[in-house]
Structures are given as structure tokens and as C-alpha cells.
Amino acid sequence: FGEALEREGWELLRKNFEKHNVTIFPETEVLSVYEEGDAIVADTGSEKVRGYFLGLGIGLDRNIEIFRDAGLKTQEGIWVNEYLETSHPDVWAAGDVAEFTDLILGGQRIDGTWTNAVLQGKVAGENMAWKRTALRTVSTYSISNLGFYVTLVGSTLARRTVKVCAED
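Nothing here was measured: the structure is a model prediction, and the numbers come from that model.

Cut-offs and rules
Residues numbered from 1 in each chain as written. Predicted model: local features only at pLDDT ≥ 70, side-chain atom pairs only at ≥ 80, totals over all residues. Heavy atoms only, no water. Pairing = 2+ DSSP bridges. Helix = DSSP H or I, 4+ residues; strand = E, 2+ residues; numbered from the N terminus. Contact = heavy atoms within 4.5 Å. Axes fitted to C-alpha atoms, helices over the stretch in contact; angles between N-to-C directions.

A. Examining the sheet that holds strand E5 (residues 98–101) more closely. Strand order in the open sheet formed by 3 strands is E4-E5-E6, with mixed pairing between adjacent strands. The two strands at the open ends of the sheet, each matched to only one other strand, are strand E4 (78–79) and strand E6 (108–110).

B. Fine view of the side chain of Thr-44. Inspection of the secondary structure assignment puts Thr-44 in the loop between strand E2 (39–43) and strand E3 (48–51). Residue contacts for Thr-44: discarding those within four places in its chain leaves Thr-28, Glu-29 and Leu-31.

C. Structural detail: the sheet that holds E3. One open sheet holds the 3 strands; their spatial order is E1-E2-E3, and the pairing between them is antiparallel. Two strands lie at the open edges of the sheet, namely strand E1 (32–36) and E3, each paired on one side alone. For this sheet, the mean angle separating the axes of adjacent strands, direction not counted, is 25 degrees. Across 4 bridges, E2 lies against E3 in antiparallel orientation. Note that in E3 the partner of Asp-43 across the bridge is Lys-48.

In C-alpha cells:
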């Protein structure tokens, strides 16, 4: 959820992981991963973490400098209008890097979800094929965390926080 959850939301997720014997190592760089017997070992340089399953979250790093240098309008991502057109004619952008015009919530927004990338790719493709189609979507993002479900609707990856409420 990137920056979408407040501390309390992350704490709920962490506690649920721990309840299922899953340990989280946030902000930890893994130098190498290898098998040792029937376990997987992740070496961080300062410690070796052993387990039977290893999940890595690598985050999202938008490399937009090349597009800025090429003269495209950029902010946090590549600026696109509701048709996913960039500031240059006959150039479109979609997915994690497209900072799009949100016709439903208003303003420019960037969304790093898989579903958003697929929908934007479809709309950009239609516009490239001269079918004038505006992107109209309400973004959603959800996670299933070992029986604990969290769903965000709307501006899911905004730079503001979303409160999470849960019952035991």
C-alpha cells in the first residue's frame, strides 16, 4: 500500500503476519539468497534470515528523466490527459509512469496498481487506433493478508493516509 496506510494500518497487517509466524523485515536490503538444506537463506550482510518461504517487495521507482530530457511534460510521472496523450502529439503513456487526468476524482494522479496499468493500456491502445476514448475509472487496490482483507477505493496511492479499521 505504499504511502496509503497510517501507522495503525501497517500495525494491523504486521500483527496478522506475526499471528501466522511470518516475520517482516521492512527497509532491509537483501544481498544474496541461497538454499541451505531445506531452507532458504536471505543474507542482509548483517544477518542471515532462514525460512521456508521468502517474499520480497521491491517497491516502485519511476525513471522518468529520459522522458523529461526528450521534452515530455513530467511531474511525479509523465503527464497525460484523459486520453493518455502526453504533451507531444502522437505520444501516449500508460501504467505506473503515467500521471493521468482523473475525470472522476479530479486533478492529476498517478497510480501504481496492476489493474490501473491494464485499463490504461487498453485506453491508450484505443486512442492510438483513432478510437477517441477517455479514461474513466475509480481505482481500487486490495491485499489478502492470511485471511485479513484490506481494500482501498478511489485515490488509492495518494500522498494522504487512509485509516484502517478491523475487528478481531
